[in-house]
Amino acid sequence: MMLQRKFTPLRTALVAIAAFGFASAANAAGGEAIHYDRHDWTYGGVKGQFDPIQLRRGFQVYQEVCAACHGLERVRFRNLVEPGGPQFDEEAVKTLATEWPNQIVDGPNDEGEMFERPAKLSDILKGPYKNAKEARAAQGGAYPPDLSLMTRARNIHTDAPWYIHVPLMMRDIITGYQEGGSDYVYSLLIGYEDEPADFELSEGMNYNKYFAGHQIAMAQPIPEEGAVEYQENAGAKMSMKQNAEDVTAFLAWAADPSLNSRKQLGWSVLIYLLITTLLLYFAKKRIWKRIKH
Amino acid sequence: MTADVEDPERRDVLVVAASAFAAVGAASVIWPFIDQMNPDAGALALASTEIDLTPINEGQAITVMWRGKPVFIRHRTAAEVEEAKKVPVDDLPDPVARNENNPGSPATDENRTLAGHEKWLVMVGICTHLGCIPKGQSLSDTKGEYGGWFCPCHGSHYDTSGRIRKGPAPRNLDVPPYTFVSDSKIRIG
Amino acid sequence: MSSHESSYEPKSATAKWWDERLPLPRLMNDQFIDFPTPRNLNYLWTFGGILTFCLVAQVVTGIVLAMHYNSTAADAFNSVDRIRRDVNFGWLIQPIHAVGGSMFFLAVYLHMFRGIYYGSYRAPREILWILGVFIFLAMMATAFMGYALPWGQMSFWAVTVITNLFSSLDQLIPGLGTSIVQWLWGGYSVSGTTLNRFFSLHYLLPFVIFGLVILHIWALHVCGQNNPSGVEIKTKSDSVPMYPYAIAKDAFALFAFLIIFAWFVLFLPDYLGHADNFIAADPLVTPPHIVPEWYFLPFYAILRAIPDKLGGVIAMFASIAILAFIPWLDRSPVRSTKYRPIYKWFFWLLVFTCLALGYLGAKPAEGTYVFWARVFTFYYFAHFLIVMPILGSMETPKSLPGSITESVLGKGGSKSHSSGLGGAPAGATAAPEDR
């Protein structure tokens, strides 16, 4: 009996975990696990919100660096004006739309032909290629993916041993960490370097510390000295890391434009639920006081 | 045991407050489920459309789609305007202008157009009888006895101001809400 | 329905009118207001109400999403994207549905483990338990087909992998497996045809679940709820009316559950999902790691633990089917694990096993992971086939309380409702709870 009280199942489990201590197995998909650093994002965590000024800088980087190859076809010009995003001026965006290099396919016209026309606010940000096959033909077999959902389509994984998983999960859940995609994209953009001596780089590929397999077809988009010069009132200065951070934030907005409303609603709902749960708890206690239990 | 159970009918403030809070939450959840059936952002974005008028010469007309409906835009000649102005309102089967920009006004030609732009006639191209699309937009179309539009389905005749003159249609062709954003561009809706 | 007298008295003329024609108010009163519930239930008994809420939430959000969803291969992914971006409150309703599926399984697993721990499957509740197994199966089918609908990479490849499993039947009867797989697919590979029929069935099955739930509640109300002591209600002092006592607890527990639900929906909507499902389905590109949603991971681990394809499929289905036999596999003289100190260890080992299998299901099927998956798969089956019958008949349980009232109030009227070892054993030796 005494023994039973001392060694409850829970205590035994904890002892077992400490005693067995699984070694971390090798990551599959060839070789060592890549370690990604976490970055501070204004929109990260439970209190996060997008910074519209950063999003505008990020859009500038997208437009000047990425749009040459990558589409953003789930985003519409009007989204650039709406609250929760970069919040550009509507007239400016209308002009931007008409001047956007990739026009919208429309038709058929009265001759029965499809034709191209300039974009309106309600149209998408068309990419440079009609479809993936045209993209591959132009890019030597590589496909520059559409970036509209990129920060949600990627994630970083922990390489910790199994018994660390639960505390890590708890940490992520409590802090509301969902920026794995942003951390990945940012790492990728700043992860270009010369390949190590013992690494065999294939023809036409580039070495990237953070890409799975370390060989990526995309050449370094943002060079060391930065790629996009910002205006005076843009709130930041050009640098590789600044450009990378800003465009990542912009892409995070493109992938999740309702983040601001969602997190704000989150707080209202949570406070309401906490109050109501507490009230219901005390109501339950009051009701159950009527009998012995 | 009745000894240790109090009267369960007694409702105290705490229980009432808790129930009220819970009920408020349940009620406020309903709105998103109702609102999701309203037109979504894509539909709302197409709720208004801008039309460039420069390619439309005098005497010509174009048809554009707006909210899924055809809209006739006619660049009227001076003669067409004159003819429309001469008609006394009392002679019209429908004396109301049917112009959303000027609701309830009588069907004078002035009230069928916007001030300062009497040459431009903008109307929803759906016959007010049973919904066919009247003929009269292109040069080769028959224009009916009043020089405007003619609905082939049941023989309604509209004049150069788009007003019903003869036939089963009860109302003049509707004029949608629109404004001139510049002299050569209108925004419908 | 249940064996107690109806205490409902229609008060108004309208109430009497209804009572003579369709006695719904009487039904409501007898089953959900005056219904005697054990007074010693703990919060693990609130999951029935929580699960009902989850079912309703999924159906309501699902019907609304179906107003905007397009089930063709070309537009499914785009339609879900449109819902998130353009539909009013779509950004809220879609994650409620997606996270809701996970919450549904979280609640059902806690509900099932409660049942195993307290012997709620024992006579006379065998049918209740088996209905539960069928509900669980229907939930799994619904969730599997639902996951296909966004038509992302994971959707497509999960369907491909799992439907391909049936081809293992070719080992039994040549050609049978392939025919079944093509019948499921509606073609020679997973395509829009498959997606369309999954949408139809995904819409249908929740209503089948609803019917099974009604039978489940009916079966429950015939014999009444189990309780932590495993001793049935004998006298009036053993129970309290469902309203307001159990309803008050259910309401509190539901809102506590909603805090977790809301936390994920509003702060972590993508956490329980997989990033690859934000990439549109591509039949020519296989994701590096195909994994199902977390609630299927233990079964996925069991599937991959067996080296033979057909063997793996059989083991996976057997791991669910075996649940239906628990009422007869458990040979213990008492219901509740509270009074089975040795079995308690094995119960928690079962819980650990399921968690371990879940962890292993997400790992690549290589090296040391495969070894441990096999160890835990063995224990999973051993628990039901070896531990339950053998330990059940060998272990001497602790003495049961004489009644629920006794377990709550103690023999001398003191408040003790945990170990049930209230005072001298006179008359309190375990009376084997047979039929």
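Engineer: For this particular structure, what's the right way to read the overall build of chain C?
Structural biologist: Tallying secondary structure elements over chain C gives 16 helices and two strands in all. A compact globule built from 435 residues should have a C-alpha radius of gyration of about 22 Å, and chain C, at 24 Å, falls within 12% of that. In terms of overall dimensions, chain C has C-alpha extents of about 75 × 60 × 45 Å along its principal axes. Accessible surface, chain C: about 18,900 Å² in total, of which carbon and sulfur atoms supply 70%.

Engineer: Help me out: how do you make sense of the overall build of chain B in this one?
Structural biologist: Assigned secondary structure in chain B consists of four helices and nine strands. In chain B, the succession of helices and strands from N to C terminus is α-α-β-β-β-α-α-β-β-β-β-β-β. A globule of 189 residues ought to have a C-alpha radius of gyration of about 16 Å, yet chain B, at 27 Å, is considerably larger. Considered along the principal axes of its C-alpha atoms, chain B spans approximately 100 × 35 × 30 Å.

Engineer: Is there a simple way to think about the side chain of N79 of chain A in this case?
Structural biologist: For N79 of chain A, the location among the structural elements is in the loop between β1 (72–76) and α4 (90–99). Of note is the side chain of N79 of chain A, whose polar atom sits 3.0 Å from the side chain of E82 of chain A.

Engineer: Can you walk me through the packing of aromatic side chains in this structure?
Structural biologist: Two aromatic rings are characterised by how far apart their centres lie and by the angle between their planes. Counted by the stated rule, this structure contains 54 aromatic pairs over all chains. Look at F105 of chain C and Y295 of chain C: their rings are 4.1 Å apart centre to centre, the planes differ by 5 degrees, and that puts the pair in the stacked class. With F105 of chain C in helix α5 (residues 90–118) and Y295 of chain C in the loop between α10 (242–267) and α11 (297–305), this residue pair connects regions lying 190 residues apart in the sequence. With 4.9 Å between their ring centres and 70 degrees between their planes, Y295 of chain C and F296 of chain C make a pair best called edge-to-face. Each member of the pair, Y295 of chain C as well as F296 of chain C, carries the same accessibility label: buried. Grouping aromatic residues by their ring pairs yields a cluster made of F59, Y62, F77, F88, W100, F250 and W253 of chain A. A cation over an aromatic ring shows up here: K47 of chain A above the ring of W267 of chain A, its NZ or CZ 5.1 Å from the ring centre.

Engineer: What's the story with the sheet that holds strand β7 (residues 164–166) of chain B in this structure? I'm lost.
Structural biologist: Two orientations exist for strands paired in a sheet by backbone hydrogen bonds: parallel and antiparallel. All names here are of chain B. Spatially, the three strands line up as an open sheet ordered β5-β6-β7, and their pairing is antiparallel. Two strands lie at the open edges of the sheet, namely β5 (147–151) and β7, each paired on one side alone. On average, each strand axis in the sheet is tilted by 35 degrees relative to the strand beside it, whichever way the strands run.

Engineer: What is the right way to read the interface of chain A and chain C from this model?
Structural biologist: Put simply, an interface is often sized by how much accessible area is lost when its parts join up. Contacts between the two partners involve 53 residues from chain A, matched on the other side by 51 residues from chain C. Between chain A and chain C, the buried area comes to about 4,900 Å², and carbon and sulfur atoms account for 70% of it. Taken as a group, R74, R152 and W288 of chain A account for 13% of the area that chain A buries against chain C, more than any other trio of residues on that side. Where chain A packs against chain C, one counts three salt bridges. As a salt-bridge pair, D270 of chain C and R152 of chain A come within 2.9 Å of each other at their nearest N and O atoms. Counting the contacts that link chain A with chain C gives ten residue pairs in polar contact (both at pLDDT 80 or more). Those elements that place two or more of their residues in the side of chain A that touches chain C are α2 (9–20), β1, α6 (162–175), α8 (240–255) and α9 (259–288) of chain A.

Engineer: Even after reading the chapter, I still don't get the interface of chain B and chain C, so can you show me in this structure?
Structural biologist: With 16 residues of chain B at the contact, the number on the chain C side is 16 residues. Viewed at the interface, chain C and chain B are joined by zero salt bridges. Applying the counting criterion to the chain B and chain C interface returns four residue pairs in polar contact (both at pLDDT 80 or more). Looking at the side of chain B that touches chain C, the elements with two or more residues in it are α1 (13–35) and α2 (41–45) of chain B.

Engineer: Just checking my understanding: could you explain the confidence of the model for chain B for this structure?
Structural biologist: Low-pLDDT portions of the prediction should not be read for the details of their coordinates. Across chain B, the average pLDDT comes to 90, with 94% of residues at or above 70. The low-confidence segment residues 1–5 of chain B, where pLDDT is below 50, has eight contacts with residues more than four positions distant or belonging to other chains.

Engineer: What is the right way to look at unusual backbone geometry in this model?
Structural biologist: Both trends apply: most residues other than glycine have a negative phi, and most peptide bonds are in trans. Residue P108 of chain A is bonded to the preceding G107 of chain A through a cis peptide linkage, with omega at 5 degrees. Tracing the backbone through its elements, the reader meets P108 of chain A in the loop between β2 (104–106) and β3 (115–117). The amide bond that connects Y243 of chain C to the next residue, P244 of chain C, takes the cis arrangement and shows omega of 5 degrees. Structurally, the position occupied by P244 of chain C is in helix α10. Phi is positive for R98 of chain B, which is not a glycine, with a value near 55 degrees. Residue classification places R98 of chain B among the partly exposed residues on the basis of a relative accessible area of 29%.

Engineer: Even after reading the chapter, I still don't get helix α14 (residues 341–361) of chain C, so can you show me in this structure?
Structural biologist: When the terminal C-alpha atoms of α14 of chain C are compared, their 31 Å separation across 21 residues agrees well with the 30 Å that a helix rising 1.5 Å per residue should span. Residues of α14 of chain C that are buried: P341, Y343, F347, L350, V351, T353, C354, A356, L357, G358, L360 and G361 of chain C.

Engineer: Explanation requested: a nonpolar patch on the surface in the structure shown.
Structural biologist: Residues and elements named next belong to chain C. A contiguous nonpolar patch, built from W17, W18, L22, L24, L27, M28, F32, I33, Y243 and I247 and spanning about 880 Å² of accessible area, is present on the exposed surface. Broken down by secondary-structure element, the contributors of at least two residues to the nonpolar patch are α1 (13–21), α2 (24–33) and α10. No other element matches the five residues that α2 contributes to the nonpolar patch. If you trace the backbone, Y243 turns up in helix α10.

Engineer: Which parts of the structure should I look at to understand the sheet that holds strand β1 (residues 49–52) of chain B?
Structural biologist: All names here are of chain B. An order of β1-β9-β8 is seen for the three strands of this open sheet, with the pairing classed as antiparallel. Looking at the sheet topology across the chains shown, the edges are occupied by β1 and β8 (178–182). When the angles between neighbouring strand axes are averaged without regard to direction, this sheet yields 30 degrees. Where β1 meets strand β9 (residues 185–188), four bridges bridge the pair, whose relative direction is antiparallel. Looking at the pairing, T49 lines up with I188 of β9.

Engineer: Which parts of the structure should I look at to understand the state of the cysteines?
Structural biologist: Working definition of a disulfide: a covalent bond connecting the sulfur atoms of two cysteines. Taken as a whole and assessed by the stated rule, the structure comprises one disulfide over all chains. Covalent S-S linkage joins C132 of chain B and C153 of chain B, the inter-sulfur distance amounting to 2.1 Å. Handedness of the C132 of chain B-C153 of chain B disulfide follows from its S-S torsion of about -100 degrees: it is left-handed. On the criterion of sequence distance, the pair formed by C132 of chain B in the loop between β4 (120–124) and β5 and C153 of chain B in the loop between β5 and β6 (156–159) is long-range, its members being 21 residues apart. Residue C153 of chain B is classed as partly exposed on the basis of its relative accessible area, which comes to 38%. Among the cysteines around C66 of chain A, which has no disulfide bond, C69 of chain A carries the closest sulfur, lying 9.0 Å off. C66 of chain A gets classed as buried once you look at its relative accessible area, which sits at 14%.

Engineer: Would you explain the environment of S229 of chain C in this entry?
Structural biologist: Residues and elements named next belong to chain C. Mapped onto the elements of the fold, S229 is located in the loop between α9 (192–223) and β2 (239–241). Note on S229: relative accessible area 2%, which makes it buried. In this structure the C-alpha to C-alpha distance between S229 and I302, which are 73 residues apart in sequence, comes to 33 Å. At 2.6 Å, the side chain of S229 forms a polar contact with the side chain of N227. Only 3.1 Å separates the side chain of S229 from the backbone nitrogen of V231, close enough to count as a polar contact.

Cut-offs applied
- Residues numbered from 1 in each chain as written.
- Chains lettered and ligands numbered in written order.
- Predicted model: local features only at pLDDT ≥ 70, side-chain atom pairs only at ≥ 80, totals over all residues.
- Heavy atoms only, no water.
- Helix = DSSP H or I, 4+ residues; strand = E, 2+ residues; numbered from the N terminus.
- Rg over C-alpha atoms; globule rule 2.2 N^0.38 Å.
- Areas by Shrake-Rupley, 256 points an atom, 1.4 Å probe, with all protein chains shown as cover.
- Polar contact = N/O pair within 3.5 Å; in protein donor to acceptor, adjacent residues only side chain to side chain.
- Phe/Tyr/Trp six-rings, centres within 6.5 Å; stacked < 30°, edge-to-face > 60°.
- Buried < 20%, exposed > 50% of the residue type's maximum accessible area, 1.4 Å probe, protein only.
- Lys NZ or Arg CZ within 6 Å of the ring centre and 35° of its normal.
- Pairing = 2+ DSSP bridges.
- Axes fitted to C-alpha atoms, helices over the stretch in contact; angles between N-to-C directions.
- Contact = heavy atoms within 4.5 Å.
- Buried area = accessible area lost by both parts, 1.4 Å probe.
- Salt bridge = Lys/Arg side-chain N within 4 Å of Asp/Glu carboxyl O.
- pLDDT = per-residue confidence, 0-100.
- Expected span 1.5 Å × (residues − 1).
- Patch = residues over 30% accessible without salt bridge, like charges linked within 9 Å, V, L, I, M, F, W, Y side chains within 5 Å.
- Disulfide = S-S within 2.5 Å.

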